[in-house]
Amino acid sequence: MSEDEEFIEFLKKSREQIGELEPVIMTEDGRIIDGRHRLAAYPGWRKVIVKKSPKEALKERIHRTLKARVTRKERQAQILEYALYLEEEGVKPEEMVSALAKELPFSERYIRSLLPARYKKKEMARQQKKLRNSVPQFDKSVSAHESSSEKPDIDQRRKGAV
């Protein structure tokens, strides 16, 4: 028995013992936002129908499943699907990681770990450039302390003259 099948069996038993605690939340066109396992456990489970665009429904599903056990592969599929919606709205691939982090409850690092390479290359180059520009440049001139006689030269130290 798979983990999903076992979980569905737990839900069936729970429903028999204490009833339906949470409804299945679906869109008007039948997309399940929350309650996929509940619906598998009992097709007649109480449903709440909401009016949402496919993108809004997916965003709500991601937020609702934060508390649930979602596999990395499933989360990856959700984030990639959301990225495609954002792309349709004009978000450029190099801006995708930060755009997703603004709309979803995940860090840029986590999102980057799940997205395919086409969203990462330009984003990483942009971040590296930003980092290079924010780091102070090394001053190659010798400081007054280093040029003074306070610091013995290497040959003197080796000979034990200091």
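Shown above is the structure to which this text applies.
Just so we're clear, the structure is a prediction, and the values are computed from it rather than from any experiment.

Rules used throughout
- Residues numbered from 1 in each chain as written.
- Predicted model: local features only at pLDDT ≥ 70, side-chain atom pairs only at ≥ 80, totals over all residues.
- Heavy atoms only, no water.
- Pairing = 2+ DSSP bridges.
- Helix = DSSP H or I, 4+ residues; strand = E, 2+ residues; numbered from the N terminus.
- Axes fitted to C-alpha atoms, helices over the stretch in contact; angles between N-to-C directions.
- Contact = heavy atoms within 4.5 Å.
- Phe/Tyr/Trp six-rings, centres within 6.5 Å; stacked < 30°, edge-to-face > 60°.
- Buried < 20%, exposed > 50% of the residue type's maximum accessible area, 1.4 Å probe, protein only.
- Core = buried A, V, L, I, M, F, W, Y, C linked by side-chain atoms within 4.5 Å.
- Salt bridge = Lys/Arg side-chain N within 4 Å of Asp/Glu carboxyl O.

1. A few points about the sheet that holds strand β1 (residues 24–27)
Phase 1 of the analysis: If you trace the three strands from one edge of the open sheet to the other, you get β2-β1-β3, paired in mixed fashion. The strands lining the two open edges of the sheet, one partner per strand, are β2 (32–34) and β3 (47–50). Averaged over neighbouring strand pairs, the angle between their axes works out to 35 degrees when direction is ignored.
Phase 2 of the analysis: Against the sheet, helix α3 (residues 54–64) touches β1 and β2, its axis set at about 30 degrees to β2.

2. Brief notes about the packing of aromatic side chains
Any aromatic ring pair is given by two values, namely how distant the centres are and how the planes are angled relative to each other.
Phase 1 of the analysis: Applying the stated criterion across every chain yields a total of one aromatic pair.
Phase 2 of the analysis: When the centroid spacing of 5.2 Å and the interplanar angle of 45 degrees are considered together, the rings of F106 and Y110 count as tilted.
Phase 3 of the analysis: What makes F106 buried here is its relative accessible area of 13%.
Phase 4 of the analysis: Exposure remark for Y110: the relative accessible area of 29% places this residue in the partly exposed category.

3. Quick notes on the pairing of β1
Phase 1 of the analysis: Burial of β1 is two-sided: the residues V24 and M26 facing one way and the residues I25 and T27 facing the other way are all buried.
Phase 2 of the analysis: Pairing between β1 and β3: four bridges, direction parallel. Paired with I25 across the strands is V48, a residue of β3.
Phase 3 of the analysis: Counting the residues that bridge the hairpin from β1 to β2 gives four residues, and of these G30 lies at a positive phi of roughly 95 degrees.

4. Here's the deal with the environment of G44
Phase 1 of the analysis: Position of G44 among the secondary structure elements: in the loop between α2 (36–41) and β3.
Phase 2 of the analysis: Each C-alpha atom of the pair G44 and V24 lies 9.8 Å from the other, and the pair is 20 residues apart in sequence.

5. Thoughts on the nonpolar core
Phase 1 of the analysis: I79, L86, M96, L100, L104, I111 and L115 are the most contacted members of the largest nonpolar core, which totals 18 residues.
Phase 2 of the analysis: Counting residues per element, the ones that place at least two in this core are α3, α4 (72–88), α5 (96–103) and α6 (108–114).
Phase 3 of the analysis: In terms of residue count, α4 provides more of this core than any other element does, five residues in total.
Phase 4 of the analysis: Once you skip the residues sitting within four places of it in the chain, L115 turns out to touch I79, L80, A83, M96, V97, L100 and K120.

6. Observations regarding the pattern of salt bridges
Phase 1 of the analysis: Taken as a whole and assessed by the stated rule, the structure comprises 14 salt bridges.
Phase 2 of the analysis: For K55, the salt bridge is made with E89, and the minimal N-O distance between the two is 3.0 Å. Of the two residues, K55 sits in helix α3 while E89 sits in the loop between α4 and α5, which places them 34 residues apart along the sequence.
Phase 3 of the analysis: Classification of K55 by relative accessible area gives buried; the value is 16%.
Phase 4 of the analysis: You can call E89 exposed: its relative accessible area is 52%.
Phase 5 of the analysis: Each of the salt bridges in this network shares a partner with another, and the network as a whole consists of D34, R38, K52, E60 and R64.

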